[in-house]
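This is what each chain is made of:
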Amino acid sequence: MNSEKNVYLGKDKGIMRKRALLLRKGCSFEISSSASEDLGCRRGDFSRKHYGSVELLISSDADGAIQRAGRFRVENGSSDETLDYTPGTWRRTDVHLENPEYHTRWFFKYFLGKVHQNYVGTDAEKNPFYLSVVLSDQNNQRVPQYRAILWRKTGTLKISLPYSPTKTLSVKSILSAMNMDRFEKGPREILNPEIQKDLLVLEEQEGSVNFKFGVLYAKDGQLTDDEMFSNETGSENFDKFLSLLGDTITLQGWAGYRGGLDTKNDTTGIKSIYTVYQGHELMFHVSTMLPYSKENKQQVERKRHIGNDIVTIVFQEGDDASSSFKPSMIRSHFTHIFALVRYNSQNDSYRLKIFSEESVPLFGPPLPSPPVFTDHQEFRDFLLVKLINGEKATLETPTFAQKRQRTLDMLIRSLYQDLMPDLHKNMLNRRSFSDVLPESPKSARKKEEARQAEFVRIGQALKLKTIVRGDAPTSLVTTGLCRKEPWESQLFCSTFPYDIVCADSWGQSVLVATDAAGVMLLDGPDPAGLGIEPQSLPPVHVFDRTMVVKQMHVLEPQDLLITRTDKGKDARLYVFRLSTIKKGLEERQLIRGKCDSRENKLEKTKGCHLYSINTHHGSELRIVAAIRNKLLLITRKHPRFSAVATGADSPVEEFQYIREICLCDPPVVMSLVDGPTGENDNMICVAYKHQFDLINESTGDAYRLHHAEANRVNFVAAIDVYEDGEAGLLLCYNYICYYKKVCPFNGSTPMIQSNTSDFHFSWNQMPNAIVCAFPYILAFTTDSIEIRLVVNGNLVYTAVVPELQLAASRSDIYFVSSAPVSSASNCSSRDTSSQSSPQTPTGYEMPMFPSPLGDGEATCKHIFKIPLCNLVGRSIERPLKSPLVNKVLTTPAPTMVAPAPLISATHSLSLSRMEIKEIASRTRKELLGLTEEPSGKSDSGSVKQRKMSKKNTEDEPKVRALTSTNSDR
């Protein structure tokens, strides 16, 4: 063992010399604190105040008599103005479309025009359902997976399942993963290719991909809707605002999205405002452009359009001191969101205020504080995203959701009735995925290939028709400004040769535990700016492989390293001083082993299979160790001054055992929840069997928090979060994530009850780990990072990362992947979906997925880093504290990054529809087997560029052979 240690030291001598150089320059290389260290304490804190507060708004007439009143959530970006705080830095990277259609419209993107399977059945309540399954490849990155869509009257459920060439997959196993195990009639396959048209209609019930918004001009002092609608013309500032929104188009003969306007007889005006944003066609119903009638004081024709828009912009003249607009001034039962815009000519800026009807769920982006925009292009992007997200959120209100559910139920039942006669015509059968014979007769094979070819042809023709019609889901193309997304990763260490068991960040470095080589310290690329390349700083060994570390926490403020080593009966907790480890590295001492760490062992933790610590460290560090079905509560006596007082290298004597708590079963997941006072109100969330329970640390009393309604439960995480200082929990299992507020604490008893702020959502793929960094929550699956918003669970982005493993997330996020270095930081979910059958593939159906490794080739994985300051620091406008953190955290200074070049926002409508026709013409020729050279025309003008974003990457489907691959470029 000593010779092994000397070999390690020989490798590390050059590194130590470089580290000594860094130390002489005043850089503590191994444990230099990062900006994310302070952010780490607040990553679990969030506030809904960023999204406004509900107020009762009353409108009155000139005599002061009350006319109307309503409850609206008001967003003005300046809540709690009386509090002293350091303003955060608002960046446009916070502006994201929520639930973007390119990520959510799976049937159009992955299924339509590709070989897939569709099934019909009835559940235990005799309600019909449909199941669609396809085998696709994620972004052509050798990540084959099954995608499944379940259509029911209650809505649509979508999940991804891993593909294994050695494991068969049946329809019932997929439905079981969707928590459907009982049927009145088992699922049967639908072989009729025309079913694709009906399923596309079901998907389109999720909402339109194009939007119409009202624009109402209000002069200074106007207090009623009749006055506002009677403005025949607008001002110069209003015209300037309209030119910022989009282009003025002539309605007669208009071939694009018309938003309910007349494009033949000019009955709804001669001109209108139109634009394309991230592939969405937007039509604005401008009050001064709609027909005006001197005889009709109520301007019914104008109200007919604007009053039936879900979202309306109100452009109000006057300064901030003048009377402000209120939603109750507008008589409309349909409009749910008002965006109040005011222009300040003195500093050429726009001020924005949002009114949302009380029932509308929270939606982003949150307004900056103050909500003033001096950059007009940034204001345009922010406003359009806010309007689109607002309309999508409104469709989730009870009024619209019930209508959509009734329509979906009617369509599903009608389609089921149409399919019933086919039961006797052999159009439906009971073929499951595993029933397909790999060696089918030659005649049967040809017949199946002909059926698949017809299936693909009909699907691609339907897709082409949808694209030309302008109703295709959008792609993620630039919106006019080049920007870097906050979740983009950086290469931290290339070609790491070992499998990582666990890790934690230590300043700018990472402490990594492996089974094969022990515990090592990895340094990032050139942390001190000395021109040192990443490859010149290989890992430095801290512990040898006799220390089999399974779990660890690096606590820099407490100068502590906590580890759980070994497994089974030999498992124990060890505690080390970071300063002692650092000193040993600097003095080039021998690598420590298990025998050298006897004094660091917490004796009563023998057999510990899991432990957890309080994430928001206040005056006391708490550790809960799970030993089978027993919980052992441990605290540290003197967390800050004990090292000076005792002078001992081992901190074991500083820990004391408080009590034991017995459970009915061994916990699988554990999380500590801080109470508001820290005295007899701290809790432990544990997950076992089919439930999450909340345990009082002081009394040991258990309270049922949530019961998982599933036959098999895979617990993922229980994350403690704090909303405005009140404790809550994100409970994650299977594909589900529940947010439960645990407040208020009544003495030692938590009040666990349904709360209006509680919500839940489903992940598209089962996560292995969850990371919460307000405003985002990230799910790490086997091959993707799914990014959603904490406040509403809405999807923001899905990054494809093959062979993904989360390594550390306490401060900065580190993950391991086999993704190429050049593409990992730009992981895109515009994946290539294979044209393949979802059934266990036969030789002539299986898409050619290249094997990840060649013969004798070693696994090559890289470690990537997502800086926490990019995720957290850009979105929080004021410091947020946990109940036990006394210091005020300030937003870190932004890193010095060169500003992204701006693309000029010129407007032009030329060639937009002609380009779609060219695409259609080319695709028709390709469907007929002909080829055509691509056009060499270049794009000019931002509207043309935005219009091209409408063309999904699947705009040019190709049919070469049934085993060929379709690429979403």
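About the thresholds
Residues numbered from 1 in each chain as written. Predicted model: local features only at pLDDT ≥ 70, side-chain atom pairs only at ≥ 80, totals over all residues. Heavy atoms only, no water. Helix = DSSP H or I, 4+ residues; strand = E, 2+ residues; numbered from the N terminus. Buried < 20%, exposed > 50% of the residue type's maximum accessible area, 1.4 Å probe, protein only. Contact = heavy atoms within 4.5 Å. Areas by Shrake-Rupley, 256 points an atom, 1.4 Å probe, with all protein chains shown as cover. Arc of directions from axis to C-beta. Phe/Tyr/Trp six-rings, centres within 6.5 Å; stacked < 30°, edge-to-face > 60°. Lys NZ or Arg CZ within 6 Å of the ring centre and 35° of its normal. Salt bridge = Lys/Arg side-chain N within 4 Å of Asp/Glu carboxyl O. Core = buried A, V, L, I, M, F, W, Y, C linked by side-chain atoms within 4.5 Å. Pairing = 2+ DSSP bridges. Axes fitted to C-alpha atoms, helices over the stretch in contact; angles between N-to-C directions. Parallel < 35°, antiparallel > 145°, perpendicular 65-115°, else oblique. Left-handed = near helix turned anticlockwise from the far one by under 90°. pLDDT = per-residue confidence, 0-100. Nonpolar A, V, L, I, M, F, W, Y, C, P; charged D, E, K, R; others polar.

### Looking at the overall build of the protein
Link 1 in the chain: Regarding its fold elements, the protein presents 18 helices and 47 strands.
Link 2 in the chain: Residue burial in the protein is summarised as follows: out of 969 residues, 57% are buried.
Link 3 in the chain: Counting only contacts in the protein whose residues sit at least 6 apart along the sequence, the fraction spanning at least 24 positions is 67%.
Link 4 in the chain: When the accessible area of the protein is evaluated, it comes to approximately 40300 Å², of which 50% is carbon and sulfur surface.

### A short note on helix 6 (residues 195-204)
Link 1 in the chain: Listing the buried residues of helix 6 in full gives Ile195, Gln196, Leu199, Leu200, Leu202 and Glu203. Buried residues of helix 6 fall within an arc of 155° about the axis and therefore sit on the same side.

### With respect to the packing of aromatic side chains
Link 1 in the chain: Summed over the entire model, instances satisfying the criterion amount to 36 aromatic pairs.
Link 2 in the chain: A centroid spacing of 5.0 Å and a plane angle of 75° characterise the contact between Phe761 and Trp763, whose relative ring orientation is edge-to-face.
Link 3 in the chain: Here a set of aromatic residues connected by ring pairs shows up, and it is made of Tyr217, Phe238, Phe241, Phe315, Tyr343, Tyr350, Phe373, Phe379 and Phe382.
Link 4 in the chain: Arg147 extends its terminal NZ or CZ atom over the ring of Tyr110, reaching a point 3.7 Å from the ring centre.
Link 5 in the chain: The ring of Phe108 carries Lys463 above its face, with NZ or CZ at 5.1 Å from the centroid.

### So, the pattern of salt bridges
Link 1 in the chain: In total, this model carries 30 salt bridges according to the counting rule given.
Link 2 in the chain: A salt bridge links Glu206 to Lys158; the nearest nitrogen and oxygen atoms lie 3.1 Å apart. Linking Glu206 in the loop between helix 6 and strand 9 (211-218) with Lys158 in strand 7 (residues 155-162), this pair joins segments that are 48 residues apart in sequence.
Link 3 in the chain: We classify Lys158 as buried; its relative accessible area is 11%.
Link 4 in the chain: Its salt-bridge partner being Asp504, residue Arg810 comes within 3.2 Å of it at the nearest N-O pair. Taken as a pair, Arg810 in the loop between strand 45 (805-808) and strand 46 (813-817) and Asp504 in strand 19 (residues 500-506) lie far apart in primary sequence, 306 residues in all.
Link 5 in the chain: Asp504 gets classed as buried once you look at its relative accessible area, which sits at 2%.
Link 6 in the chain: Three or more residues are tied together by salt bridges with common partners; here these are Asp225, Asp226, Lys303 and Arg331.

### With respect to the nonpolar core
Link 1 in the chain: Formed by 41 residues in total, the largest nonpolar core has its most connected members in Phe241, Leu245, Phe284, Ile313 and Leu352.
Link 2 in the chain: Those elements that place two or more of their residues in this core are strand 9, helix 8 (236-245), strand 11 (271-277), strand 12 (280-286), strand 13 (311-316), strand 14 (337-344), strand 15 (349-357) and helix 10 (376-394).
Link 3 in the chain: When residues in this core are grouped by element, the largest group, 8 residues, is from helix 10.
Link 4 in the chain: The residues contacting Ile313, other than those within four sequence positions of it, are Gly214, Val215, Leu216, Phe241, Leu245, Phe284, Ala339, Val341, Leu383 and Leu387.

### Brief notes about the sheet that holds strand 24 (residues 560-565)
Link 1 in the chain: Read across the sheet, 4 strands follow the order 23-24-25-26 without closing on themselves; strand pairing throughout is antiparallel. Sheet topology places strand 23 (549-555) and strand 26 (601-602) at the edges, where each strand pairs with a single neighbour.
Link 2 in the chain: Looking at chain direction, strand 25 (residues 572-577) and strand 26 are connected through 2 bridges and run antiparallel. From the neighbouring strand, Leu573 faces strand 26, where its bridge partner is Leu602.

### So, the packing of helix 6 against helix 11 (residues 398-419)
Link 1 in the chain: Where helix 6 contacts helix 11, the axes come no closer than 10 Å and their chain directions differ by 170°. Taken together, helix 6 and helix 11 sit at an angle that is classed as roughly antiparallel. Between helix 6 and helix 11 lies a crossing whose hand is left-handed. In this structure, helix 6 uses Ile195, Asp198, Val201 and Leu202 to contact helix 11, whose residues at the interface are Leu408, Leu411, Ile412, Leu415 and Leu419.

### Observations concerning the environment of Ser328
Link 1 in the chain: Along the chain, the position of Ser328 falls in the loop between strand 13 and strand 14.
Link 2 in the chain: Classification of Ser328 as buried rests on a relative accessible area of 6%.
Link 3 in the chain: With 105 residues separating them in the primary sequence, Ser328 and Leu223 have C-alpha atoms 9.9 Å apart.

### Some thoughts on the confidence of the model for the protein
Link 1 in the chain: Averaged over every residue, the pLDDT of the protein is 75; the share at 70 or more is 69%.
Link 2 in the chain: pLDDT under 50 marks residues 79-93. Its contacts with residues more than four places away, or in other chains, come to 39 contacts.
Link 3 in the chain: Predicted confidence for residues 432-439 stays below pLDDT 50, and this span has 22 contacts to residues more than four positions away or in other chains.

### Topic: the pairing of strand 19
Link 1 in the chain: Most of strand 19 is tucked away, with 6 of its 7 residues classed as buried.
Link 2 in the chain: As defined by bridge partners, strand 19 adjoins strand 20 (residues 509-514) across 6 bridges and the pair is classed as antiparallel. When the sheet's bridge partners are listed, Ser505 is paired in strand 20 with Val510.
Link 3 in the chain: Counting the residues between successive antiparallel strands, the hairpin from strand 19 to strand 20 contains 2 residues, one of them, Gly507, with a positive phi of roughly 65°.

### Describing the packing of helix 8 against helix 10
Link 1 in the chain: In contact at an axis separation of 10 Å, helix 8 and helix 10 are set at 70° when each is read in the N-to-C sense. Taken together, helix 8 and helix 10 sit at an angle that is classed as roughly perpendicular. Taken as a pair, helix 8 and helix 10 cross one another with a handedness that is right-handed. Listed contacts from helix 10 to Lys240, Phe241, Leu244 and Leu245 of helix 8 are His376, Phe379, Arg380, Leu383 and Leu384.
Link 2 in the chain: Classifying every residue of the contact of helix 8 with helix 10 gives 6 nonpolar, 1 polar and 2 charged.

### Details of the sheet that holds strand 43 (residues 784-789)
Link 1 in the chain: Pairing in this open sheet of 4 strands is antiparallel, and the strands run 41-42-43-44 from one edge to the other. The sheet is open, and its two borders are formed by strand 41 (769-773) and strand 44 (795-800), each paired with just one other strand. Averaged over all adjacent pairs, the angle separating strand axes in this sheet is 15°, with direction ignored.
Link 2 in the chain: Summarising the sheet, strand 41 and strand 42 (residues 776-780) pair through 5 bridges and their orientation is antiparallel. When the sheet's bridge partners are listed, Cys772 is paired in strand 42 with Ile777.

### Details of helix 13 (residues 578-586)
Link 1 in the chain: Taken as a whole, helix 13 has its buried residues at Leu578, Ile581, Lys582, Gly584 and Leu585. An end-on view of helix 13 places all buried positions within 160° of arc, on one side of the element.
Link 2 in the chain: Of the residues trailing helix 13, Arg588 is marked for its positive phi of about 55°.

### With respect to unusual backbone geometry
One can expect most non-glycine residues to show negative phi and most peptide bonds to be in trans.
Link 1 in the chain: Cis geometry is found at the peptide bond from Ser369 to Pro370, where omega equals 0°.
Link 2 in the chain: With respect to the helices and strands, the residue Pro370 is situated in the loop between strand 15 and strand 16 (372-373).
Link 3 in the chain: In the segment running from Phe774 into Pro775, the intervening peptide bond is cis, with an omega of 10°.
Link 4 in the chain: Positionally, Pro775 belongs in the loop between strand 41 and strand 42.
Link 5 in the chain: Notably, Asp348 is not glycine yet its phi reads approximately 55°, a positive angle.
Link 6 in the chain: Of note, Asp348 is situated in the loop between strand 14 and strand 15.
Link 7 in the chain: Although it is not a glycine, Lys689 sits at a positive phi angle of roughly 50°.
Link 8 in the chain: Relative to the helices and strands, Lys689 resides in the loop between strand 32 (683-688) and strand 33 (691-696).

### What about the environment of Leu200?
Link 1 in the chain: Considering the arrangement of structural elements, one finds Leu200 in helix 6.
Link 2 in the chain: Using a relative accessible area of 6% as the deciding quantity, one classes Leu200 as buried.
Link 3 in the chain: Once the C-alpha coordinates of Leu200 and Leu112 are considered, the two residues, 88 residues apart in sequence, prove to be 8.1 Å apart.

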